[in-house]
Amino acid sequence: MSSYVDSANHHPYMPVTVEVEERCEYAMRSHCLCFKSFLNSAHKHSLKFSTSASSLILQSQNPYLPTLEVPDRRRELERLLLSPPQNHDPVASYKQVHAQVVVSGFEAFSFFGNILINGYSKAACLREARKLFDKMPIRNLVSWSSVISMYAKHGFGEEALLVFLEFLKCYDETPNEYILASVIRACAQLGGGGSEGGQLHGYVVKSGFEQEVYVGTTLVDYYAKIGSTDEARMVFDSLSVKTTVTWTTIITSYVKGGNGEVSLKLFNQMRENNVVPDKYVLSSALSACSMLRFIEGGKQVHAHVLRRGGEMDLSVTNVLLDFYTKCGRVKTARKLFDQMAVRNAISWTTMIAGYMQNSLNRKAMKLLAEMTCLGWKPDGFACTSVLTSCGSLEALEQGKQVHAYTIKVNLEYDDFVKNGLIDMYSKCNSLTDARRVFDVMDDHNVISYNAMIEGYSRLEKLPEALELFYEMRLRLFPPGLLTFVSLLGVSAALSVLELSRQIHALIIKFGVSFDIFAGSALIDVYSKCSRIKDARLIFEEMNDKDIVVWNAMFSGYVQQLESEEALKLYSKLQLSKQEPDEFTFAALVGATSNLASLQHGQQFHNQLIKVGLDFNPFVTSVLVDMYAKCGSVEEARRAFSSTLQRDVVCWNSMISTYAHNGEAEKALHVFREMINEGITPTYITFVGVLTACGHAGLVEEGLRNFELMSSFGIEPGTEHYASVVSLFGRAGKLYEAREFIEKMPVKPEAVVWRSLLGACRIAGNVELGKYAAEMAISDDPQDSGSYILLSNIFASKSMWVDVKKMRERMDLNRVVKEPGCSWIEANNKVNVFIARDKTHCEADLIYSLLDNLIMHMKGIGYIHDTITLLVND
């Protein structure tokens with residue numbers, strides 16, 4: 001029989017190893033029932049036999065054994081003992097035969113006693129077996145071996161050791177290989193904390209059993225189970241004879257220890273020694289290939305299985321399914337699954353889990369439905385996999401159906417299922433249901449707390465997450481890495497610096513400060529809290545940095561507009577062993593967008609093409625945005641057209657590019673293309689579309705698209721309302737714009753009134769402008785834009801007293817206008833200019849050239865608008 005452990009992710013269904021005691025059981029049973037053993041035992045106790053083995057007549061001079069000449073009765077008892085129990089209750093069946101043995105006067109014969117002990121052991125009736133053993137007047141090696149093996153097999157290692165010590169005290173003979181193998185297994189059950197295993201190993205060597213294959217194999221298994229792989233290998237190498245079980249044990253020990261390369265080397269050595277691998281060895285080898293993502297190696301094992309001919313063992317097929325899905329070859333796994341003549345629940349569960357692990361969540365849900373339709377009953381692991389898929393898709397209704405099924409088949413109390421339900425409801429934003437599942441749990445653990453805290457963090461419910469974290473600490477559950485990462489996530493989203501520092505202190509206290517996951521989360525939170533120097537300190541303190549940590553630092557610099565630092569850091573990345581991925585280039589292209597540095601952007605675009613990431617839709621959308629901000633609309637369109645896989649973000653970037661560059665018809669054309677391609681527009685899509693309509697003055701088209709939003713299930717937001725107001729304003733329909741604002745179903749924010757105010761400035765409508773400005777200022781008193789726009793309106797009408805009052809009002813409310821900033825790239829250097837700034841190293845020359853240019857402009861009759869310029873300083 002095999003026990004199931006996971007090859008890489010502790011999936012309980014993948015057969016990769018075999019317990020040594022189970023593989024030795026047949027030999028031990030044969031030893032127990034061996035007729036030769038019975039004859040030897042009888043000879044030891046002065047028994048006489050007839051020459052006919054089939055009609056054994058025992059005559060004893062031992063007072064414990066009656067003189068019997070009843071061969072028929074004896075043969076009948078032998079038949080009953082050696083046949084499978086006829087009763088549905090095996091314990092009752094063995095007790096009946098036991099009673100007949102006693103009544104017939106055979107209870108003193110160790111032959112019958114040994115068989116009964118083994119029968120009781122199989123029926124898990126250890127107490128009856130021990131009673132029988134204790135009452136046996138004559139015990140032989142088989143008797144002691146049977147009891148010790150019974151305790152070891154059922155997990156009572158300490159009792160097995162005690163019986164072995166009793167054997168050494170009261171029995172003169174040396175223990176045989178079966179007794180020693182069972183005692184070693186008992187030591188393995190007790191773990192490596194004591195010295196019993198080492199002492200027993202010494203006893204084995206002293207007794208001369210170190211080359212006995214059963215004992216040696218069990219020693220290898222013992223050292224492997226206590227984590228001493230080196231000692232297991234020493235014992236393995238010292239064995240002159242190695243069975244398939246021996247090879248399986250050592251190969252599996254390396255797989256469990258995460259050393260797949262050594263496992264595969266041993267597998268190759270095994271084949272070179274002409275040892276035919278069985279299903280257990282093949283399963284272990286496939287598990288090692290899964291661990292290493294070694295596709296070719298797994299295919300070779302698959303080919304070996306096919307070359308052997310015959311029907312493939314079901315357990316090996318299941319491991320092959322697991323191997324292909326873990327290596328991302330889901331189509332190959334599904335083809336193998338469909339070709340299986342016989343499947344079990346493990347086959348279905350493995351395929352469902354494979355779909356989930358490869359983010360093919362809809363297929364996982366569909367396969368579960370197919371499984372139930374065919375009469376299979378999904379277990380807790382299958383349900384957990386599908387719950388994960390439901391959470392990823394935010395498929396709440398399907399998740400509830402799985403929840404109902406778990407209640408129906410009494411799986412709702414399974415730990416995996418409970419935690420899966422919490423995770424699913426949290427990801428579906430149904431925190432009430434998630435909390436209800438959490439509250440009814442009797443045995444909370446770190447995983448359930450983490451799942452619930454992650455749910456609160458995802459929806460930025462900081463008080464609830466912290467309250468649960470406090471409860472977790474009170475119950476003495478040690479917070480894990482995921483706990484801290486979740487809390488840092490919500491802290492970063494809300495930019496709570498003090499809380500972030502406290503969490504950082506706890507991370508250091510619990511010793512995970514330099515973990516790459518915690519490190520990247522800390523870099524992210526300090527960046528979002530505008531503490532970019534602290535983020536860089538964390539980055540520098542980390543000895544092991546994967547590309548995720550580098551990306552967190554790049555993103556931090558870009559978020560804080562420290563684009564030059566991001567580009568400098570990239571030069572250090574090139575000197576490291578890490579390879580940039582799509583997220584790295586997305587951040588760096590974003591940095592060039594902030595700098596409007598077309599040259600750097602093109603260089604990164606070239607690198608993207610070299611590494612084959614230019615077709616990634618995520619990267620394409622960033623490239624389109626970069627070219628748009630650098631004023632290269634045609635390059636943006638070329639980048640957009642070059643990719644074959646365009647997601648909705650990519651389409652949105654192209655629409656916004658055309659919209660913000662005043663090419664409304666092209667923006668609307670791209671929007672219509674998007675609809676024809678079957679891409680569902682989003683909230684951002686309509687922001688771009690309405691902006692394009694506003695720039696072109698397409699009022700009817702804009703209103704039609706605004707009404708179209710509801711058909712896609714999109715609720716209009718502030719940006720949409722502001723775009724419609726701007727649409728009316730650019731068309732000169734100021735009062736229609738005001739009426740539209742007043743009929744809004746939600747309270748207008750300052751940006752909406754500011755859109756109307758901007759339109760009033762263009763039209764020169766003072767009264768409506770004053771009204772819009774007052775409404776905007778009342779909603780956001782610190783926004784300088786509303787003050788400046790109204791001041792511009794007053795200036796355009798030469799209302800200088802009102803201009804002065806507006807300036808004084810800004811000073812009274814301590815409103816500061818952020819000075820305008822512009823930059824230009826020249827000679828591979830970005831030059832930044834701020835209004836009235838003279839910090840540039842060539843400021844005198846620049847202003848001299850500007851004055852000269854203005855003189856030339858005046859010479860040809862140009863009169864510039866100084867009013868707006870003055871009020872916008």
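A quick note: this is a predicted structure, and the numbers were derived from the prediction, not measured. (Residues numbered from 1 in each chain as written. Predicted model: local features only at pLDDT ≥ 70, side-chain atom pairs only at ≥ 80, totals over all residues. Heavy atoms only, no water.)

**Notes on the overall build of the protein**
Here is step 1 of the chain: The helix and strand tally for the protein stands at 48 helices and four strands.
Here is step 2 of the chain: Every one of the 873 residues in the protein was classed for burial, and the buried ones make up 48%.
Here is step 3 of the chain: Here the contacts in the protein between residues at least 6 apart in sequence split such that 60% fall between residues at least 24 apart.
Here is step 4 of the chain: A total of about 43400 Å² of accessible surface is found on the protein, and carbon and sulfur atoms cover 53% of it. (Helix = DSSP H or I, 4+ residues; strand = E, 2+ residues; numbered from the N terminus. Buried < 20%, exposed > 50% of the residue type's maximum accessible area, 1.4 Å probe, protein only. Contact = heavy atoms within 4.5 Å. Areas by Shrake-Rupley, 256 points an atom, 1.4 Å probe, with all protein chains shown as cover.)

**Things to note about the confidence of the model for the protein**
Here is step 1 of the chain: Taken over all residues, the pLDDT of the protein has a mean of 81, while the share at 70 or more is 85%.
Here is step 2 of the chain: Ranking the helices and strands of the protein by mean pLDDT puts helix α19 (residues 345-357) first, with 95, and strand β2 (residues 59-60) last, with 34.
Here is step 3 of the chain: Ignoring residues within four places in sequence, the model shows residues 1-69, a span with pLDDT below 50, making 147 contacts including any to other chains.
Here is step 4 of the chain: Between residues 866-873, whose pLDDT stays under 50, and residues either more than four places distant or in other chains, the model counts 18 contacts. (pLDDT = per-residue confidence, 0-100.)

**Brief notes about the nonpolar core**
The nonpolar side chains of a soluble globular protein tend to be buried with one another.
Here is step 1 of the chain: Within the largest apolar cluster, 220 residues are counted, with the highest numbers of intra-cluster contacts made by Ile523, Phe554 and Leu756.
Here is step 2 of the chain: Counting residues per element, this core draws most heavily on helix α31 (residues 547-559), at eight residues.
Here is step 3 of the chain: Here this core gathers at least three residues from each of two domains, domain 1 (343-443) and domain 2 (716-818).
Here is step 4 of the chain: Every residue in contact with Phe554, bar those within four places of it in the chain, is listed here: Ala566, Leu569, Tyr570, Leu573, Thr584, Ala587 and Leu588. (Core = buried A, V, L, I, M, F, W, Y, C linked by side-chain atoms within 4.5 Å. Domains from an automatic or database assignment.)

**Some words on unusual backbone geometry**
Here is step 1 of the chain: Of note, the phi angle at Glu394 is positive, near 55°, even though the residue is not glycine.
Here is step 2 of the chain: As for its position among the elements, Glu394 is in the loop between α21 (380-393) and α22 (396-408).
Here is step 3 of the chain: Residue Glu394 is classed as exposed on the basis of its relative accessible area, which comes to 51%.
Here is step 4 of the chain: Of note, Glu460 is a non-glycine position whose phi angle comes to about 60°, a positive value.
Here is step 5 of the chain: The topology assignment puts Glu460 in the loop between α25 (446-458) and α26 (462-474).

**Notes on helix α10 (residues 196-207)**
Here is step 1 of the chain: With twelve residues, α10 extends 16 Å between its outermost C-alpha atoms, agreeing within 8% with the 16 Å of an ideal straight helix rising 1.5 Å per residue.
Here is step 2 of the chain: Those residues of α10 hidden inside the fold are in contact with α8 (157-170), α9 (177-190), α11 (213-225) and α12 (229-238).
Here is step 3 of the chain: Positioned one or two residues after α10, Gly208 has a phi angle of 85°, which is positive. (Expected span 1.5 Å × (residues − 1).)

**So, the UniProt feature "repeat: PPR" (unreviewed entry) in the protein**
Here is step 1 of the chain: Under the UniProt annotation, the feature "repeat: PPR" (unreviewed entry) is placed at residues 140-175, 243-277, 344-378, 445-479, 546-580, 647-681 and 682-716.
Here is step 2 of the chain: Across residues 140-175, helical content stands at 75% and strand content at 0%; the span's end C-alpha atoms are separated by 10 Å. (UniProt positions renumbered as here; feature names shortened; annotations may be inferred.)

**A few points about the packing of helix α15 (residues 279-292) against helix α16 (residues 295-307)**
Here is step 1 of the chain: At their nearest, the axes of α15 and α16 sit 8 Å apart, and the two run at 160° to each other. Considering the angle they form, α15 stands roughly antiparallel to α16. Where α15 crosses over α16, the handedness of that crossing is left-handed. Taken together, the residues of α16 that come into contact with α15 (itself represented by Leu282, Ala285, Leu286 and Cys289) are Gly297, Gly298, Val301, His304 and Val305.
Here is step 2 of the chain: Of the residues belonging to the contact of α15 with α16, the class tally is six nonpolar, three polar and no charged. (Axes fitted to C-alpha atoms, helices over the stretch in contact; angles between N-to-C directions. Parallel < 35°, antiparallel > 145°, perpendicular 65-115°, else oblique. Left-handed = near helix turned anticlockwise from the far one by under 90°. Nonpolar A, V, L, I, M, F, W, Y, C, P; charged D, E, K, R; others polar.)

**Topic: the pattern of salt bridges**
Here is step 1 of the chain: Enumeration over the complete set of coordinates arrives at 28 salt bridges.
Here is step 2 of the chain: With a closest N to O distance of 2.8 Å, Lys418 and Asp443 form a salt bridge. Highlighted residues: Lys418 in helix α23 (residues 415-427) and Asp443 in the loop between α24 (431-440) and α25, separated in sequence by 25 residues.
Here is step 3 of the chain: The salt bridge partner of Glu774 is Arg809, with a shortest N-O separation of 2.9 Å. Here Glu774, found in helix α44 (residues 766-779), pairs with Arg809, found in helix α46 (residues 800-812); they are 35 residues apart in sequence, far enough to count as distant. (Salt bridge = Lys/Arg side-chain N within 4 Å of Asp/Glu carboxyl O.)

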